[in-house]
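The primary structure of each chain is shown beneath.
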Amino acid sequence: SDTIARAMGTAVGAALVIPLVFATQNVYAANIILVAVLAVTTYIVTSANEGLYIIAITIETVFTRAVVGEDPVGVAISRVTDVLLGCALAVVLLLVVPLRHGRRLRHEIANYADATADWVECVARLSEGRITPKKVRRRHRAMVSTRATVQHALDVRRLEPLGPGLPPWLAYHLYTSIHDASRACVAAEMTIRHGVPTTDAAAASARRTVANLRFVAVTLHGTAPPGQPPESAPPEVADSVDDVARLLGIAERESAAAADLALSSLMEKAPR
């Protein structure tokens, strides 16, 4: 869609700018005003619509070069030719070069879910005094490392939206749900470190969060037949307990959302 928008926008912009150039007849004041108006218009529509942006930038570029003495028709034809050639090359590369980032992204998010589950387990054991803070920090560093890998992969995936693998929107929502669960667990860990006592409800939420994240990892890796995500605690139970349990309840709900998204990814993976 971006390729089509760029090609059509350049062609439309080139067609519109030629009459504009001849209408001004090299009137100095009119040229200055139009250059300013076109520049402002281009920046206004930059994030609004890809096609409108390409039309605006084409008109601005060709008109500005015509103002300084270049042939507007030649500039317009050259720009359209270059863009069409670039679009054709992009389409050929899309069909010929294997795009692997989309396939890898599924496993990178699965690794992130697994690493987050390992860390949440350590946070739960920290509340029980059965693990050292040093090991918790080591697990946290491992989670952050896998998260950075996913963040980079999401950026790359935006450049390959038509390739195989997880759709960008689904990958982003999976990442966001897992990340939000980890953020709630960070708050829970800090609360525990400040000496706030925990309850059985907190430990139960942590276990369900871990189970949800393990389910996400297994489902995305495809290492086991898909089942159903673990059941979550009713909201009224999570909202009636201590601060740590409430934070872990948030993590549980976010991880449950990630589990549902992981199930939906199977439909995206299935051939149509």
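Bear in mind the structure is a predicted one, so any value in this text is a computation, not a measurement.

Our next topic: the overall build of the protein. Along the backbone of the protein there are ten helices and zero strands. Secondary structure elements of the protein occur, N-terminal to C-terminal, as α-α-α-α-α-α-α-α-α-α. The buried share of the protein, reckoned over its 272 residues, is 40%. By sequence separation, contacts in the protein at least 24 residues apart represent 78% of the contacts at least 6 residues apart.

Looking now at a nonpolar patch on the surface. There is a patch of nonpolar side chains on the surface, built from Phe22, Val73 and Ile77 and spanning about 270 Å² of accessible area. Tracing the sequence through the fold places Phe22 in helix H1 (residues 2–24). Residue Phe22 is classed as partly exposed on the basis of its relative accessible area, which comes to 46%.

Attention shifts here to the side chain of Ser205. Residue placement: Ser205 occurs in helix H8 (residues 200–221). Classification of Ser205 by relative accessible area gives buried; the value is 4%. Residues within four places of Ser205 in sequence aside, it is in contact with Ala245, Leu248, Gly249 and Glu252.

What follows deals with the pattern of salt bridges. Counted under the stated rule, the structure contains eight salt bridges. Across the pair Asp180 and Arg183 runs a salt bridge whose closest N-O atoms are separated by 3.7 Å. Of this pair, Asp180 and Arg183 are both found in helix H7 (residues 168–193), three residues apart, which corresponds to roughly one turn of the helix. The exposure class of Asp180 is partly exposed, given its relative accessible area of 24%. The structure contains a network of salt bridges with shared partners spanning Asp114, Asp118, Glu121, Arg139 and Arg214.

This next bit is on the environment of Val210. Note on placement: Val210 falls in helix H8. Each C-alpha atom, one on Val210 and one on Glu252, is 8.3 Å from the other, the two residues being 42 residues apart in sequence. Excluding residues that lie within four positions of it along the chain, Val210 makes contacts with Ala117, Val120 and Glu121.

Counting residues in each nonpolar core, the largest one holds 47 residues, and the members touching the most others are Ile109, Leu174, Ile178 and Val216. Of all elements in the fold, only helix H5 (101–127), helix H6 (133–159), H7, H8 and helix H10 (243–269) reach the threshold of two or more residues within this core. A per-element tally of this core places H5 first, with 13 residues. Discounting chain neighbours no more than four positions away, the residues touching Ile178 are Ile109, Tyr112, Ala113, Thr116, Leu213, Val216 and Ala258. Core analysis: the second largest hydrophobic core is formed by twelve residues, Val21, Ile59, Phe63 and Val75 among them.

Reading the values: rules and limits
- In this convention, every chain numbers its residues from 1, walking through the sequence in written order.
- The predicted origin of the model limits local features to residues at a pLDDT of at least 70 and limits the giving and counting of side-chain atom pairs to 80 or more, whereas totals for whole chains, interfaces and linings rest on all residues.
- Excluded from the side-chain calculation are hydrogens and water; included are all heavy atoms of the structure.
- For helices the rule is a DSSP run of H or I covering at least 4 residues; for strands it is a run of E covering at least 2, with both sets numbered from the N terminus onward.
- Note on classification: 1.4 Å probe, protein chains only; a residue is buried when its accessible area is under 20% of the maximum for its type, exposed when over 50%, partly exposed between these limits.
- A contact between two residues is defined here by any heavy atoms of the two lying within 4.5 Å.
- By definition, no residue in a patch forms a salt bridge, and every one has over 30% relative accessible area; like charges are joined within 9 Å, nonpolar side chains (Val, Leu, Ile, Met, Phe, Trp, Tyr) within 5 Å.
- The accessible surface values rely on the Shrake-Rupley method and a 1.4 Å probe; as for residues, cover is taken only from the protein chains in view.
- Salt bridge, as used here: a side-chain nitrogen of Lys or Arg that lies within 4 Å of a carboxyl oxygen of Asp or Glu.
- Residues belong to one nonpolar core when they are buried, are Ala, Val, Leu, Ile, Met, Phe, Trp, Tyr or Cys, and are joined through side-chain atoms within 4.5 Å.

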